[in-house]
Amino acid sequence: MLFRSLMTQFYATHAGQGGMMNDLLTMLTGQKTEKLQAAPSFLREMVVFPYQEGQKFALALQIEGGVEAINRAFEKPPTSTEQILHPEKFTGTRDEPKAVTLPVLSSAEWRLIGSNVLGEFGIRALLTTQLGFAEAQSAAAGWGGDRYQVYERGAGGPLGLVWESVWDDEHEAEEFADAYRRFAEKRGVPARVTQSGAKVRVIQSDATGFLDLVKE
């Protein structure tokens, strides 16, 4: 992030305007190989994120506090993509992600194969695959924390998703829940989306019976 930030400053000071914009665009978006272009949009977004959004974050820190602000960020780095997307949530009173825990399903058929956090950027990138960017960006804003679990039935069998997220307030949770229902409908995947206050739970699977396996 710092390296790219310094490169941008150098170009702005020393390079002629003729080729500067094309060079900066290449820097911001990263090298575009054929494999990257052929990858799903969600994966492309995740690969480019550290270069594109990371540089914006570093520039925001430098504008506010100079190189020392960047040095302090290395000492205590961001703990969420939300803090990178919204530097004010990092430089002031930090908006730390809320921990979300999910019990492992007790089932002889289904086994847990993955568990992780998606974060604001991951949610935005996911929703963008089916919804417009502005709608996805608005729905992902207000993220407070999340945790998902992926289950598989048998070897190479159908998959099931259990995903719980917490939002800044009830309105933000409702906006995300509505957006995800539209996302699931456009993608053609059966999903049960429930909201309780500032929390949203998604149960999703093509397999008959998985949605009933998770109790509310």
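Before reading further, recall that the structure is shown in the block above.
Below is a summary of the structure that appears in this document. (Residues numbered from 1 in each chain as written. Predicted model: local features only at pLDDT ≥ 70, side-chain atom pairs only at ≥ 80, totals over all residues. Heavy atoms only, no water.)

### Looking at the nonpolar core
The nonpolar side chains of a soluble globular protein tend to be buried with one another.
Part 1: Ile-123, Leu-127, Trp-163, Phe-176, Tyr-180 and Val-200 are the most contacted members of the largest nonpolar core, which has 22 residues in total.
Part 2: For this core, the elements supplying multiple residues, two or more each, are helix H7 (119-128), helix H8 (133-140), strand S3 (159-167), helix H9 (170-187) and strand S5 (199-205).
Part 3: By residue number, the principal contributor to this core is H9, which donates seven residues.
Part 4: Not counting residues up to four positions away in its chain, the partners in contact with Phe-176 are Ile-123, Leu-127, Ala-139, Trp-163, Ser-165, Trp-167 and Val-200.
Part 5: In terms of nonpolar packing, the next biggest core, distinct from the first, is built from ten residues, Trp-110, Tyr-151, Val-162 and Ala-207 among them. (Core = buried A, V, L, I, M, F, W, Y, C linked by side-chain atoms within 4.5 Å. Buried < 20%, exposed > 50% of the residue type's maximum accessible area, 1.4 Å probe, protein only. Helix = DSSP H or I, 4+ residues; strand = E, 2+ residues; numbered from the N terminus. Contact = heavy atoms within 4.5 Å.)

### Things to note about the packing of aromatic side chains
Part 1: Considering all chains together, one arrives at eight aromatic pairs under this definition.
Part 2: Centre to centre, the rings of Trp-163 and Tyr-180 are 5.5 Å apart; their planes meet at 80°, and the pair counts as edge-to-face. Taken together, the positions of Trp-163 in strand S3 and Tyr-180 in helix H9 put the pair 17 residues apart, joining distant regions of the chain.
Part 3: By relative accessible area, Trp-163 is classed as buried at 3%.
Part 4: Residue classification places Tyr-180 among the buried positions, given a relative accessible area of 2%.
Part 5: Ring-pair connections join several aromatic residues into one group, and the members of that group are Trp-163, Trp-167, Phe-176, Tyr-180 and Phe-183. (Phe/Tyr/Trp six-rings, centres within 6.5 Å; stacked < 30°, edge-to-face > 60°.)

### What about H9?
Part 1: With 18 residues, H9 extends 26 Å between its outermost C-alpha atoms, agreeing within 8% with the 26 Å of an ideal straight helix rising 1.5 Å per residue.
Part 2: Of the residues making up H9, those classed as buried are Glu-172, Ala-173, Phe-176, Ala-177, Ala-179, Tyr-180, Phe-183 and Ala-184.
Part 3: Packed against the buried residues of H9 are H7, H8, S3, strand S4 (191-196) and S5.
Part 4: One side-chain oxygen of the residue at the start of H9 lies 3.1 Å from the amide nitrogen of His-171, identifying that residue as Asp-169.
Part 5: Positive backbone phi, at 75°, marks Gly-188, one or two positions downstream of H9. (Expected span 1.5 Å × (residues − 1). Polar contact = N/O pair within 3.5 Å; in protein donor to acceptor, adjacent residues only side chain to side chain.)

### Brief notes about the environment of Gly-114
Part 1: Relative to the elements of secondary structure, Gly-114 occurs in strand S1 (residues 110-116).
Part 2: Spatially, the C-alpha atoms of Gly-114 and Leu-161 are 9.7 Å apart, while their sequence positions differ by 47 residues.
Part 3: Each residue touching Gly-114, except ones within four places of it in the same chain, is listed here: Tyr-148, Gln-149 and Val-150.

### Comments concerning the pairing of S4
Part 1: By the bridge criterion, six bridges tie S4 to S5 in an arrangement that is antiparallel. What sits directly across from Ser-196, in S5, is Lys-199.
Part 2: Hairpin connection between S4 and S5: a loop of two residues separates the two successive antiparallel strands, and Gly-197 in this loop has a positive phi of roughly 65°. (Pairing = 2+ DSSP bridges.)

### What to know about the sheet that holds S5
Part 1: Reading across from one edge, S1-S2-S3-S5-S4 is the order of the five strands in this open sheet, with antiparallel pairing throughout. Every other strand in the sheet has two partners, leaving S1 and S4 as the edge strands with one partner each. Strand-to-strand twist across the sheet, computed as the mean angle between neighbouring axes with direction ignored, equals 15°. (Axes fitted to C-alpha atoms, helices over the stretch in contact; angles between N-to-C directions.)

### A word on the pattern of salt bridges
Part 1: All told, the structure shown has eight salt bridges when counted by the stated rule.
Part 2: The residue Asp-178 makes a salt bridge to Arg-181 at a minimum N-O spacing of 2.9 Å. Of this pair, Asp-178 and Arg-181 both sit in helix H9, three residues apart, roughly one helical turn.
Part 3: Look at the salt bridges and you will find they share partners, linking Glu-53, Lys-56 and Arg-124 into a network. (Salt bridge = Lys/Arg side-chain N within 4 Å of Asp/Glu carboxyl O.)

### A closer look at the packing of H7 against H8
Part 1: For the pair H7 and H8, interaxial distance at closest approach is 8 Å and the crossing angle is 150°. Comparing the axis directions of H7 and H8 gives the class roughly antiparallel. Once H7 is placed against H8, the crossing between them reads as right-handed. For the pair H7 and H8, contact is made by Glu-120, Ile-123, Arg-124, Leu-127 and Thr-128 and by Phe-133, Ala-136, Gln-137, Ala-139 and Ala-140, respectively.
Part 2: Broken down by class, the residue content of the contact of H7 with H8 amounts to six nonpolar, two polar and two charged. (Parallel < 35°, antiparallel > 145°, perpendicular 65-115°, else oblique. Left-handed = near helix turned anticlockwise from the far one by under 90°. Nonpolar A, V, L, I, M, F, W, Y, C, P; charged D, E, K, R; others polar.)

By themselves, these observations are geometric and do not establish any function.
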